[in-house]
Amino acid sequence: MSISTVVPSSTGAASIGSAHALKCRECGAHYPLDASYACLECFGPLEVAYERSTVTREQIESGPQSMWRYEALLPVVPGAAGRPGLNPGLTKLVRADNLAAALGAKAVWVKDDSGNPTHSFKDRVVAVALENARRLGYETIACASTGNLANAVAAAAARAGLTSVVFVPSNLEAGKIVTTAVYGGTLVAIDGNYDDVNRLCTEVAAQRDWGFVNVNLRPYYAEGSKTVGYEIAEQLGWRLPDAVISPVASGSLLTKVDKAFREFTELGLVAERPYRVFGAQATGCSPVSQAFRAGQDFCTPVKPNTIAKSLAIGNPADGPYALDVARRTGGAIADVTDDEVVEGITLLARTEGIFAETAGGVVVATYRKLLREGLIDPDAEVVLLNTGDGLKTLDAVAPTCQPTMTITPSYAAFDAAYDAINIGGAA
Ligand SMILES: *Cc1c(COP(=O)(O)O)cnc(C)c1O
Ligand SMILES: [Zn+2]
């Protein structure tokens, strides 16, 4: 291994720059950069390892207006590129003063990833997986999805001229079925939950020479989530917040936001400082939150039953690593009921004009709960991740979000109906 440039590092463990190998997260064994994801020695998950490099704020700032401004910190295997991508990222970091006031907190931001091309943060992970898939020679890309990944894979494949095969649970929201099928490709609905879908995909991946973005390409896919953390730091003016609250499905996003903060610190792009990483789950699928509460370092699988379907992974692959990050940073992982999720969605919509999907509702409601329980300081600067768009999960709020009144088209009818519901209120 050649070390191109040595960066001064507080930990001495900087490992950022051009990808040079896959490395087992459990035993450290190294493997070539190809489409493998499990260690042959110990079955541990593989992660991309990098050679050290330098990157400056100026280089990043003068890069593309997308997540590819951080390309130097993302894994891209050698090979021919050149097919168009969707170029997600650089989504808004919205200062949420109204939400903060409503919750008695001081400084809150919403990292709003509903602004991505298919309206969720999954466009980021797909961008990195797809770039590597085509360099590795795959013509067909596939995935097991709780919904948003299906959208992102089908759309990115369409734009790149690749074939897509997407596997989802058959009980998904219409807003995720239609918004996948519209891009063409093969959409396979499975009578089973996500964990069944994922198991089937592991079998299909062993039989067919396809690039499964979250199976055999998972080490590359997972690194795409780091760009959420990079952007938060850059958009705060090259500094880290006191705390981040991430939704947790497999647990990957949460761990990669932490990784992004550590890398930026090691590279000297932000000042070193403590920060806390919190995780948010729906009670109806909360294996990681339950393990956190029980003081365990493993997750006991559950059968999901929640309106937050994008987070409904009962057997989360990165659960133990998410627990690690929350504990190491002084954060926590907590869960909220489906009713609280709906309250979280409407609270964010009514204070900030942001319509989050159920996963965003989980995060807002978890923030409120952590404040109430004293687990987050109301003076802390907190970034909430909204990872998806409420238009995809209309069913969650439809029962409580309906017309205020339905009337005949006459002024008298309006006058009477409006006054009836606004007695004592504003005219
Ligand atoms: C996939 C997803 C997540 C979480 O993903 P991880 O598997 O934990 O990385 C969060 N929010 C939404 C909307 C998602 O689709
Ligand atoms: Zn290993």
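UniProt's Cofactor (unreviewed entry) comment on the protein chain is quoted here verbatim: "pyridoxal 5'-phosphate".

Neighbouring ligand 1 are 15 residues, the closest being Lys122, Asn148, Ser250, Leu253 and Thr387. The backbone of Gly251 places a nitrogen or oxygen atom 2.9 Å from an oxygen atom of ligand 1. Measuring from an oxygen atom of ligand 1, one finds a backbone N or O atom of Leu253 at 2.8 Å. Alone, ligand 1 offers 390 Å² of accessible surface; in the complex the protein occludes 97% of this. Of the residues that constitute the shell around ligand 1, the class distribution is 7 nonpolar, 6 polar and 2 charged.

In this section: the nonpolar core. In terms of nonpolar packing, the biggest core is built from 79 residues, with Leu149, Val153, Tyr220, Phe264, Val383 and Leu385 touching the most fellow members. When we break this core down by domain, the ones giving at least three residues each are domain 1 (7-55 + 122-221) and domain 2 (92-119 + 225-397). For Val383, the contacting residues outside a window of four places in its chain are Leu93, Trp109, Lys111, Ile232, Leu236, Pro241, Ala243, Val244 and Ile245. Of all hydrophobic cores here, the second largest spans 51 residues; its members include Leu99, Ala205, Val336 and Val363.

This part takes up the sheet that holds strand S6 (residues 140-144). The sheet built from 4 strands is open, its strands ordered S8-S7-S6-S9 with parallel pairing. Strands with a single pairing partner mark the edges of an open sheet, and in this sheet they are strand S8 (186-190) and strand S9 (211-212). Across 5 bridges, the pairing between strand S7 (residues 163-169) and S8 is parallel. What sits directly across from Pro169, in S8, is Ile190.

When cut into domains, the protein chain gives domain 1 (7-55 + 122-221) and domain 2 (92-119 + 225-397). Computed over C-alpha atoms only, the centres of domain 1 and domain 2 are separated by 22 Å. Counting the surface lost from both domain 1 and domain 2, the interface buries some 2900 Å², and carbon and sulfur atoms represent 44% of this. Viewed at the interface, domain 2 and domain 1 are joined by 7 salt bridges. Across the pair Lys259 and Glu47 runs a salt bridge whose closest N-O atoms are separated by 3.5 Å. Connecting domain 1 to domain 2 are 19 residue pairs in polar contact (both at pLDDT 80 or more). Counting residues per element, the ones that place at least two in the side of domain 1 that touches domain 2 are strand S3 (46-50), helix H3 (122-135), helix H4 (148-160), helix H5 (174-181), helix H6 (194-207) and helix H7 (218-224). If you tally residues by element for the side of domain 1 that touches domain 2, the top one is H4, at 4 residues. Classifying every residue of the side of domain 1 that touches domain 2 by side-chain character gives 15 nonpolar, 11 polar and 9 charged.

Reading guide: rules and limits
The residue numbering used here restarts from 1 in each chain and proceeds along that chain's sequence as written. Chain labels run from A onward and ligand labels from 1 onward, assigned in the order the entries are written. Local features are withheld for residues below a pLDDT of 70 in this predicted model, meaning they are given only at 70 or higher, and side-chain atom pairs are given and counted only at 80 or more; totals for whole chains, interfaces and linings count all residues. Remark: hydrogens and water are excluded; side-chain values derive from all non-hydrogen atoms of the structure. UniProt positions are given in the numbering used here, feature names are shortened, and annotations may be inferred rather than shown by experiment. The cutoff for a nearby residue is simple: one of its non-hydrogen atoms must lie within 4 Å of the molecule or strand. Side-chain atoms alone can form a polar contact between residues adjacent in sequence; in general such a contact is a pair of N or O atoms within 3.5 Å, and within protein one must be able to donate a hydrogen while the other accepts it. Working definition of accessibility: Shrake-Rupley area with a 1.4 Å probe, residue cover restricted to the visible protein chains. Ten residue types, Ala, Val, Leu, Ile, Met, Phe, Trp, Tyr, Cys and Pro, are classed as nonpolar, four, Asp, Glu, Lys and Arg, as charged, and the remainder, Gly among them, as polar. Throughout, nonpolar core names a set of buried Ala, Val, Leu, Ile, Met, Phe, Trp, Tyr and Cys residues whose side chains join them through atoms within 4.5 Å. Three labels apply to residues, based on accessible area from a 1.4 Å probe with only protein chains included: buried if under 20% of the type maximum, exposed if over 50%, partly exposed otherwise in between. Where a domain begins and ends is set by an automatic assignment or by a domain database. What makes two residues a contact is simply this: any of their non-hydrogen atoms within 4.5 Å. Any two strands with at least two DSSP-identified bridges between them are counted as paired. Note on conventions: DSSP H or I runs of at least 4 residues are helices, E runs of at least 2 residues are strands, and numbering of each starts at the N terminus. Accessible area, probed at 1.4 Å, shrinks when two parts are joined; the buried area is that loss added up over both. For salt bridges, the criterion is a side-chain nitrogen of Lys or Arg within 4 Å of an Asp or Glu carboxyl oxygen.

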